Each structure stands twice: as C-alpha cells, then as structure tokens.
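Structural overview for review
Take a look at the letters that make up each chain.
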Amino acid sequence: MIDTEHLNDTFGIEGELGFMEMEGDLVFVNIANKYADADICLYGAHVSSFRPVRTMDILWMSPASEYREGTPIRGGIPVCFPWFGPHKTNSSLPQHGFGRLMYWDVLATESLPNGETKLELILKSSEKTKAYWPHDFEAVMRFVVGAKLQVSLEVKNTGTEAFTYGCALHSYFAISDIAHIQIEGLQGLDYFDQLTGNTTKQQEELLQINEALTRHYQNTETPVVLADEGFRRRIRIEKAGSKVTTVWNPGEDSSKLIGDMPDDGFATFVCIEATNSFDFQIKLAAGESYETKQLIGLED
C-alpha cells in the first residue's frame, strides 16, 4: 500500500501539489497552480487530466476506464514502454509494454520560479520488469504543468550491454465531435497505414477523420495542430526525440468492441502520439540515455 501521508510530508508542496487516493483507490498527484490543474496517477505514470485555467480539459478520459492494478487506464496520456503495440515475438506479453502497468516511484517535485510545477517519477528495472524484458534500465517521466503541459520519458541503459526499445506518449485529446475536427501539419508526410498495410504520402492539407484510422507518420518531428470547430479551440502538439507521429481513432465499429470505452467513445477523442517504433526504435549502449518529449497546450 502506498503511504500518501508520507508522500505529502516528503514531496508535497502546500497549496500546489499533493497526493491522494482517487479512482479505484489508486494514488494520484494533484497539481494546481496559476496556470492549470493536472492529475497524474502513480500507476503507469499516467496523466489523466490537464485543465488550463478557465478552460475545459484538454485530455479525454474514458468514463468506462478500469482503475485497477493489472489493467491499463484508458485515456489521458498512457506511457508505452519498452515496446509500442504488440510485442514482436511474444503475443502473450502486454500490449504497449509494461510501463503503464506498474507503479512508478516519486523522484522529485519542484515549484519553479515562473509559477510552473515540476514532477518526476521513476521506474527502475527489477525482478518484476525482467519477467517481461531482460534489460537493466532507469526510466524517468517528467511533467511540467504550466500554461502548457510538458511530458517527457527519459530512458537510461544502466546495464553492460546495448538494448533497443520502443515507446510512445499515447495522448488522447478531448474533442467536440470527430466530424468537427481537422488536424494540421501532416501534409507531405509519408505514413504507414496500419489498417491496410500500405505506406503512402498524405496529399491533403488537412486531415479529416470519417472512419477508423491508424496512421504512423514516419521520420517527422513536425508540430501539429488539432483544430476543433465545435469547442472553438486549437490544440498545438509539439514534440522532440520522436520520429513517428501516430494518429489513431477506432471508428464506430471498433469502439463498440473495446470493453473500457463507450460505444460512442470514438466520436469524442482522437489520439495524436509522440512515438518511437518501426524503423525508429531507440538503441542505447551501456550508460547512454535518450529522452522523448511532448508539449501540448492551447494555441495562443
């Protein structure tokens, strides 16, 4: 059991950052400053909410999500590590790796001089992680909550042999309706269409989604903008240390088959993810580290 009193005594920041049991008795970090509020679960190092002041939540959470150990949280920003999608050689291993299925320890908290709030969580290799993946590592999730939300995953090889890993910051964005959004910034990029198995180039200036879609845009760090006519807002998504941008929406038929998602859930979110996978996985020699970052917020 996680001792929230100890966490608050050790890492809490009065009036700004605290620890509490919330959904399903899981422990969350609640951050509230002059810029925004955010909730981050220690289980999976998972952002479940980011609300800039005087606005609605930027992130989408499934009302049918199960908040219990052994099950990933549906929505927000799940952390995919150390692989993305199904395991390449063992289908019995968890989809998107084990990072989102384990408790992360609190490494540090800080109230920054500009009024933003910083949180660091860490996951180290152990007997539990080696049941899934044989390598020695340290993974640190960093969150900076301000007018925009900075999220990063830094992985260090603490062993003596090189390893290769994949990852993603699997962000779910809340939208008014899938029919009322457009995604800017993807024109001219090559993408692998996971539903057809084909690789092609996006010709259209604006991506509109009117059916199930899983696209992995290759070799790009280009920012994108999610323009939502219904909510009258534009969400800007920037990234660094990620060469693949994944855009996913399950569509109506698949949404009905996902147990922790409402039948009409597809209409109220779209995923735009900072990914390292396919031909762009990360190889780390002993002692090396690598950081994947995402910055999200409302466009000025």
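Higher on the page you've got the structure.
Residues numbered from 1 in each chain as written. Predicted model: local features only at pLDDT ≥ 70, side-chain atom pairs only at ≥ 80, totals over all residues. Heavy atoms only, no water.

Burial runs high along strand S18 (residues 224–228): 5 of the 5 residues are buried. In S18, alternate side chains face the same way, and those of Val-224, Leu-226 and Asp-228 on one face and Val-225 and Ala-227 on the other are all buried. The pairing of strand S13 (residues 181–184) with S18 spans 4 bridges and is classified as antiparallel. Each residue of the ladder has a partner; that of Glu-184, found in S18, is Val-225. Counted between consecutive antiparallel strands, the loop separating S18 from strand S19 (residues 233–240) contains 4 residues, among which Arg-232 sits at a positive phi close to 55°. (Buried < 20%, exposed > 50% of the residue type's maximum accessible area, 1.4 Å probe, protein only. Helix = DSSP H or I, 4+ residues; strand = E, 2+ residues; numbered from the N terminus. Pairing = 2+ DSSP bridges.)

With that out of the way, let us pick up the environment of Leu-123. Residue position: Leu-123 is located in strand S7 (residues 117–124). In the structure, Leu-123 is positioned 20 residues away from Tyr-103 in sequence and 7.7 Å away in space, judged by C-alpha atoms. Those residues in contact with Leu-123 that lie beyond four places of it in its chain are Phe-98, Gly-99, Met-102, Tyr-103, Trp-104, Phe-137, Glu-138 and Ala-139. (Contact = heavy atoms within 4.5 Å.)

It is worth spelling out the nonpolar core at this point. Nonpolar side chains in soluble globular proteins tend to end up buried together. By size, the foremost hydrophobic cluster in this structure holds 68 residues, and its most contacted members are Phe-81, Leu-153, Ile-183 and Leu-226. Considering every element that reaches this core, the biggest residue donor is strand S8 (residues 137–145), with 5 residues. Those residues in contact with Leu-226, other than ones at most four positions away along the chain, are Phe-173, Ile-175, Ile-181, Gln-182, Ile-183, Arg-233, Arg-234, Ile-235, Ile-237, Val-270 and Ile-272. Within the second largest apolar cluster, 8 residues are counted, among which are Trp-248, Ile-258, Met-261 and Cys-271. (Core = buried A, V, L, I, M, F, W, Y, C linked by side-chain atoms within 4.5 Å.)

A separate point is the pairing of strand S2 (residues 27–32). For strand S1 (residues 17–21) and S2, the ladder comprises 5 bridges, and the chain directions are antiparallel. Opposite Phe-19, over in S2, you have Val-29 as the bridge partner. Between S1 and S2, which pair antiparallel and follow one another directly, the connecting turn spans 5 residues, one of which, Gly-24, has a positive phi of 60°. Sheet topology places S2 next to strand S3 (residues 36–41); 5 bridges connect them, and they run antiparallel. When the sheet's bridge partners are listed, Ala-32 is paired in S3 with Asp-37.

Moving on to the sheet that holds S19. An order of S6-S7-S8-S9-S23-S19-S18-S13-S16 is seen for the 9 strands of this open sheet, with the pairing classed as antiparallel. In this open sheet, the two strands that pair with only one neighbour each are strand S6 (105–111) and strand S16 (206–207). Of the strand pairs in this sheet, S7 and S8 are connected by 8 bridges, and their pairing is antiparallel. Within S8, the residue paired with Leu-119 across the bridge is Phe-143.

The subject of this paragraph is the packing of aromatic side chains. Overall, the coordinates contain 20 aromatic pairs when judged by the stated rule. Each ring, one from Phe-81 and one from Trp-133, has its centre 5.8 Å from the other, and the planes form 75°; the classification is edge-to-face. Here Trp-133 lies in the loop between helix H2 (127–130) and S8 and Phe-81 lies in the loop between strand S5 (79–80) and S6, a separation of 52 residues in the sequence. Neither Phe-81 nor Trp-133 differs from the other in exposure class; each is buried. Ring centres of Phe-81 and Tyr-165 lie 5.7 Å apart, and the angle between their planes is 70°; this geometry places the pair in the edge-to-face category. Note that Phe-81 is positioned in the loop between S5 and S6 and Tyr-165 in strand S10 (residues 163–165), a separation of 84 residues in sequence. Neither residue differs from the other here; Phe-81 and Tyr-165 are each classed as buried. Aromatic ring contacts, followed pair by pair, group Phe-81, Trp-83, Phe-98, Tyr-132, Trp-133, Phe-137, Phe-163 and Tyr-165 into a single cluster. (Phe/Tyr/Trp six-rings, centres within 6.5 Å; stacked < 30°, edge-to-face > 60°.)

With that settled, consider the sheet that holds S1. One open sheet holds the 4 strands; their spatial order is S1-S2-S3-S4, and the pairing between them is antiparallel. In the strand order of this sheet, the two ends are held by S1 and strand S4 (46–52), each with one partner. Ignoring strand direction, the axes of neighbouring strands in this sheet form an average angle of 15°. Contacting S1 and S2, helix H1 (residues 4–11) crosses the sheet at an angle of about 175° to S1. (Axes fitted to C-alpha atoms, helices over the stretch in contact; angles between N-to-C directions.)

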